[in-house]
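Architecture and fold: a report
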Amino acid sequence: MANTEASLKEAMTSIEGTLGVALVDYTSGMALGTLGGGKDFNLDVAAAGNTDVVRAKLRTMEHLGIKDEIEDILITLGGQYHLIRLLKARGTNGLFLYLVLDSERANLAMARHQLRRIEAELEV
């Protein structure tokens, strides 16, 4: 089992093209940990904004009567992929991993696979 800091470091180093990663509580909008980003990309602001995305999707699913769970949400930009992976392990309710990838260097399928592995090893 890995703690938050170790899991974020693992994402930064093992997932090709990673620009930033965060562990986020979507009930509060707070990032519990961030790594990467920079002056041109504030992960705390992005984390807070993406809580609205998660909440909106969960609300929509409820209104539609969809009785399923979100595995991940993908947002594609011109040069980046933004991947939101909701955590399902016991004790992680209300949390998601947020991964920002350079679309020129990243392999999206491998990134999803690696993020799933990191989630399985994460202990919050």
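Each residue is numbered by its place in its chain's sequence as written, counting from 1. Local features in a predicted model are, by the rule used here, given only for residues with pLDDT of at least 70; side-chain atom pairs are given and counted only at 80 or more, and totals for whole chains, interfaces and linings are based on all residues. Calculation of side-chain values draws on the structure's entire complement of heavy atoms; hydrogens and water are dropped beforehand.

The protein is annotated in an unreviewed UniProt entry as Secreted protein of Streptomyces sp. 900116325.

Sheet architecture is open: five strands sit in the order β2-β1-β5-β4-β3, paired in antiparallel fashion. In this open sheet, the two strands that pair with only one neighbour each are β2 (30-36) and β3 (72-76). Neighbour to neighbour, the strand axes of the sheet diverge by 15° on average, direction disregarded. We treat two strands as partners when DSSP finds at least two bridges between them. The secondary structure listing takes helices from DSSP runs of H or I that are at least 4 residues long and strands from runs of E that are at least 2 residues long, numbered from the N terminus. As judged from the five bridges shared by β3 and strand β4 (residues 80-86), these two strands associate in the antiparallel manner. In the strand pairing of β4, T76 is matched with Y81. Fitted lines through C-alpha atoms give the axes, limited to the stretch in contact for helices. The angle between two N-to-C directions lies from 0 to 180 degrees.

With that settled, the discussion passes to the environment of A56. Residue position: A56 is located in helix α2 (residues 43-64). Note: C-alpha distance between A56 and D68 (twelve residues apart in sequence) is 15 Å.

Let's shift gears to the pattern of salt bridges. A side-chain nitrogen of Lys or Arg and a carboxyl oxygen of Asp or Glu constitute a salt bridge if their distance falls within 4 Å. Following the criterion strictly, the structure yields twelve salt bridges and no others. As a salt-bridge pair, D40 and K39 come within 3.9 Å of each other at their nearest N and O atoms. No difference in accessibility class separates D40 from K39, as the two residues are exposed. Residue D72 is joined to R112 by a salt bridge in which the shortest nitrogen-to-oxygen separation is 2.7 Å. One end of the pair, D72, is in strand β3; the other, R112, is in helix α3 (residues 108-121), with 40 residues separating them in the sequence. With a relative accessible area of 19%, D72 lands in the buried category. Several salt bridges share partner residues, and in doing so they unite E71, D72, R85, R112, R116 and E119 into one network. Remark: exposure states derive from per-residue accessible area (1.4 Å probe, protein chains only) relative to the maximum for the residue type, with buried under 20%, exposed over 50%, and partly exposed in between.

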